Amino acid sequence: MITSTTRPGKPGFVSYVLVLMTGLILTLLMVFTYRQAIATHEVQAKVQLRTDYSEKEDAILRSIVAITPNRAIRAMQSGSSASTAVSNPLRWKDIFTESLDLANARTSVRADVLTSLNIQNAIVANTGDSALGVTNRIFHQIAGDSNDFSTRFVSAGINRSLGAGFPVPLQTGNPTTSASDDTYPIISNDKIYGSLAQSGVGLPVTTYPQFNLLKYPEINFGYAKPGEDFVAKRNWWAFTLDLANHDDGKTDAVRVKRDFVLSIYEIPSQLAISASSFMSLGEFASGDAWQNVTITGGVYAGKAEVEGDTALAALSSRRGMTLSGDAMIGGQSFDNNPFTPGVREAYQVTQGEFFPVSLASESGRVAFVPISRGPEFFDRFAHSAESNTLSPTTWNNYSIGALQCAMRLDITQVVSSTNPTPTNLRFSYLKNGVREELNLPLNTGIANGLPPGYIFACNENQTYNFGSSVVDVAYGKNGTYAYQTGVTGTITYNNARFGDPLVGVYKSGYYKPSYPFEVKLLPSGKTCIAVYPERFEEFLVSLNADSPSVNHSLVVNVDYTTTTGSIWLTKPSIPCTDLDYGVILQECSDLTSFTNGFSLVTNLRTYIGDDFNVVEATPPSGYTPVGSYFPPCSLFSPEKRYGVEVNPFAVRMSGQIGSLVSEDSANPVRPLDSKNSTGEAMAADRITVNLRPIVHPAELPPIVMMNWLVVLEELRKEFVNY
């Protein structure tokens, strides 16, 4: 018997066409999805690559800002042009190359980071990783520059206008400067504002070629408000950056070339209070609060501590600040850290003004460099002569106030190792722009028997014109002289006028002006050099020297060198001690004879014995600020005291105050503390202070502290015409 078993249900069939079609559709969908995934991956890779390039470029630009001022300083230092081994690292090419290294731009993952991941046989898939060995494919001059791209990496803003969108250029007649500026970052006093710059500065360049009124850049560091006028000189260089160009054949990532202007603003210190040191504001060392103190404008400190209920219009710093809960900056109290995220934005929304509290580090492409040499600023004997520099302006001559002074007064000889009484002074001044020197013995005349202080005028039967100066004159030889006092005008040294003090001997004529300095003792017995600025005008006339408009600054030092000074003189101490000499400043209330201002620099304690610069002067042509105008003056000393014969009852100060104390000092500088001649601190209620910023270059004294503001800005193509 046969039994048949079948599966229940309807009979069916298999369609190979349907199966194939379904498989094909699924395959196509899978391929499409895969292609989309690949395309998405490529887009993400390109986006990531461009992001990587952007981050690298930003790091490179920050590195350039950090490196350039250092190289500019080194180009001013002795020996910078002595050999290519020394000068090559200062070139723009090497600055850019080093910026690639400092930014770690040659790889997307640092070697130490990759090692720390402990991945065996790691493969970095970023096609943008490159040795970046051809610097001029990354950096070069801006388009349209006629210089050779293969050898020049920047377009220097000097002696030519680069068109709309670029800053106005500086000019120089020094061929060395003009030839070097697009190879090295050159800072030099011979770079000035000329006719090419008149459209971009605020004042006539013929009157103010060195420093002029410029607009403060749009940055967060508030030395001034963005767009506000400030006194400065702008050195600048333009360049093009294209990091992708080096490997675009491999990465297929073509980026738009970006143009930048790197600026070094030279900024004379001009704020009401300015110091690169740690500074305490609001209280005296005694703990008493500032009382009769008015401060207009901003304050700058390397590091700041604001105590009590002090009110400031603005405060900027390099290394941070501490604010008391009662301190008011820009009209607002910051209970919390003013740099907490959102505080700046909230202030700007509610106040509509620039944030009054700022750090240099807040702007990624900005660096603020105070040029502070500390105690070296006061002493010209602490520095040897400089030579072989790339810049015509040497670093010491640029940054040491004592070396910048037109007149020099040195103590050169003393009685003995145990008696420090000066026996000789050396005075140096400018005559027809050339330095002249006058040795002044204090214990004997310049000829046998002649009293101290007399100067040779001419020989017998010759004439000397003293102009309007009143002088004492002597005529004779070998210890025998005829004298006349209080004479003026033209004097003929002959027997007819003086008689014959020494018959049969050929004689000479001498004169003694009213010296603007002398050795003087304090009531305590301390030996000092007294300086009388009001006497300089007549004294310079008697020497036929250049006027006080040229001989406008004086440095008083001790010549402790063994070559030109005494072996018994030693370098003054800083902080000052009672064993060192001092400087007395008297007859200094009327300084209007110094039409370009007056500056005194010394490494000795300075005693201000009279009113200083309290007589108004005629403002220079074009000076428009409202208010009284006084000759711009500056006093640089490691320590100042008030009073000479007697201690003053009170002190009133106006102008600007600064400090040259080192940034590394752990003890804060208290800029308004004042002492009398005996060293006692003056009471807070006897100190009146009215400080304001300099707003015009006519207010700059001959000697100033200098700062550099380094700013790197991108030029937008739509605003640039080239």
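What counts and what doesn't
Residues numbered from 1 in each chain as written. Predicted model: local features only at pLDDT ≥ 70, side-chain atom pairs only at ≥ 80, totals over all residues. Heavy atoms only, no water. Helix = DSSP H or I, 4+ residues; strand = E, 2+ residues; numbered from the N terminus. Rg over C-alpha atoms; globule rule 2.2 N^0.38 Å. Buried < 20%, exposed > 50% of the residue type's maximum accessible area, 1.4 Å probe, protein only. Contact = heavy atoms within 4.5 Å. Areas by Shrake-Rupley, 256 points an atom, 1.4 Å probe, with all protein chains shown as cover. Disulfide = S-S within 2.5 Å. Salt bridge = Lys/Arg side-chain N within 4 Å of Asp/Glu carboxyl O. Polar contact = N/O pair within 3.5 Å; in protein donor to acceptor, adjacent residues only side chain to side chain. Pairing = 2+ DSSP bridges. Arc of directions from axis to C-beta. Axes fitted to C-alpha atoms, helices over the stretch in contact; angles between N-to-C directions. Patch = residues over 30% accessible without salt bridge, like charges linked within 9 Å, V, L, I, M, F, W, Y side chains within 5 Å. Core = buried A, V, L, I, M, F, W, Y, C linked by side-chain atoms within 4.5 Å. Phe/Tyr/Trp six-rings, centres within 6.5 Å; stacked < 30°, edge-to-face > 60°. Lys NZ or Arg CZ within 6 Å of the ring centre and 35° of its normal.

Looking only at helices and strands, the chain has 11 helices and 36 strands in total. On C-alpha atoms alone, the chain measures out to a radius of gyration of 35 Å, which is more than a quarter above the 27 Å that the 2.2 N^0.38 rule sets for 722 residues. Overall size of the chain, expressed as C-alpha extent along the three principal axes, is 180 × 60 × 50 Å. Buried residues in the chain amount to 49% of all 722 residues. Expressed as a percentage of contacts within the chain between residues at least 6 apart in sequence, the contacts between residues at least 24 apart total 67%. Surface exposure of the chain reaches about 33600 Å², of which carbon and sulfur atoms provide 52%.

Moving on, we come to the state of the cysteines. All told, the structure shown has zero disulfides when counted by the stated rule. Cysteine Cys405 shares no disulfide, and the gap to the nearest cysteine sulfur, in Cys633, comes to 13 Å. Exposure remark for Cys405: the relative accessible area of 2% places this residue in the buried category. There is no disulfide at Cys528, and the cysteine sulfur nearest it, in Cys576, is 11 Å away.

A few words now on the pattern of salt bridges. One side chain can pair with another of opposite charge once the charged atoms of both are near each other. In total, this model carries 25 salt bridges according to the counting rule given. In this structure, Glu307 and Arg670 form a salt bridge, with 3.2 Å as the shortest nitrogen-oxygen distance. Remark: Arg670 occurs in the loop between β34 (657–659) and β35 (687–691) and Glu307 occurs in the loop between β8 (298–306) and β9 (311–312); sequence separation between them is 363 residues. Among the residues examined, Glu307 registers a relative accessible area of 17% and is labelled buried. Here Arg670 falls in the partly exposed class, since its relative accessible area comes to 24%. Close ionic contact of Lys507 with Asp500 constitutes a salt bridge, the shortest N to O distance being 3.0 Å. Three or more residues joined by partner-sharing salt bridges are found here, namely Arg380, Asp410, Arg426 and Asp559.

All right, on to the side chain of Thr412 then. With respect to the element layout, Thr412 can be found in strand β16 (residues 407–414). Within the structure, the side chain of Thr412 is placed 2.9 Å from the side chain of Asn424, a separation counted as a polar contact. Non-local contacts of Thr412, meaning those with residues more than four positions away in its chain, are made with Asn424, Leu425, Arg426, Asp559, Thr564, Gly565, Ser566 and Leu569.

Let us look at the pairing of strand β29 (residues 598–602). Within β29, five of the five residues are buried, which leaves it mostly tucked inside the rest of the structure. Here β29 shows two buried faces, one formed by Phe598, Leu600 and Thr602 and the other by Ser599 and Val601. Pairing geometry for strand β27 (residues 553–558) and β29, over four bridges, is parallel. If you follow Leu554 over to β29, its bridge partner there is Leu600. Relative to strand β31 (residues 633–636), β29 runs parallel, the two being bridged by four bridges. Residue pairing across strands places Ser599 opposite Ser634, the latter belonging to β31.

As a further point, take helix α3 (residues 92–102). Buried within α3 we find Trp92, Ile95, Phe96, Ser99 and Leu100. Take α3 and look down its axis: the buried residues cluster within an arc of 140°, on one side only. Two residues or fewer past α3, Asn104 is found with a positive phi of approximately 55°.

Pairing in this open sheet of five strands is mixed, and the strands run β25-β26-β28-β30-β32 from one edge to the other. On the outer flanks of this sheet lie β25 (517–521) and β32 (640–642), each paired with one strand and no other. Between one strand and the next, the sheet's axes are offset by a mean angle of 30°, whatever the strand orientation. Judged from the four bridges that link them, strand β28 (residues 582–585) and strand β30 (residues 605–608) form a sheet pairing that is parallel. Pairing of Gly582 across the sheet is with Arg605, part of β30.

A word on a nonpolar patch on the surface. Taken together, the side chains of Val17, Met21, Leu24 and Leu28 make up a nonpolar region of the molecular surface, amounting to roughly 390 Å² of accessible area. Here Leu24 is to be found in helix α1 (residues 16–76).

Sheet strands associate in pairs through backbone hydrogen bonding, adopting either a parallel or an antiparallel arrangement. The mixed open sheet is built from three strands, whose spatial order is β9-β12-β13. With partners counted over all chains shown, the strands left at the sheet margins are β9 and β13 (332–333), one partner each. Inspection of the sheet shows β9 paired to strand β12 (residues 328–329) by two bridges, in the parallel sense. Residue pairing in the sheet places Ala311 in a bridge with Met328 of β12.

Here we come to the nonpolar core. One finds Phe139, Phe239 and Trp708 to be the most contacted residues of the largest nonpolar core, which totals 53 residues. For this core, the secondary-structure elements that each account for two or more residues are α1, α3, β4 (229–241), β5 (258–268), β15 (366–371), α8 (395–399) and β36 (706–715). The element that contributes the greatest number of residues to this core is α1, accounting for 10 residues. Beyond its immediate chain neighbours, meaning those up to four positions away, Phe139 contacts Ile60, Ile64, Phe96, Ser99, Leu100, Phe153, Phe239, Thr240 and Leu241. Counting 45 residues, the second-largest nonpolar core is a separate cluster that includes Ile411, Ile491, Leu540 and Val556.

Here we come to the packing of aromatic side chains. Across all of its chains, the model carries 40 aromatic pairs by this definition. Here the aromatic rings of Trp395 and Tyr398 are separated by 6.1 Å at their centres, their planes lie at 20°, and the arrangement is stacked. In this pair, Trp395 and Tyr398 are both assigned in helix α8, three residues apart and thus about one turn of the helix distant. On the basis of relative accessibility, which here comes to 8%, the residue Trp395 falls in the buried class. By relative accessible area, Tyr398 is classed as buried at 7%. Counting every residue linked through ring pairs, the aromatic cluster contains Phe427, Tyr429, Tyr515, Phe517, Phe536, Phe539, Phe594 and Phe598. Lying over the aromatic face of Phe498, Arg497 brings its terminal NZ or CZ to 6.0 Å of the ring centre.

The omega angle of the peptide bond from Ile574 to Pro575 is 10°, so this bond is cis rather than trans. Inspection of the secondary structure assignment puts Pro575 in the loop between β27 and β28. Within the chain, Asn159 stands out as a residue other than glycine whose phi angle is a positive 60°. With a phi angle near 50°, Asn478 is a residue other than glycine that sits in the positive phi range.

Honestly, it's all geometry; don't read function into it.
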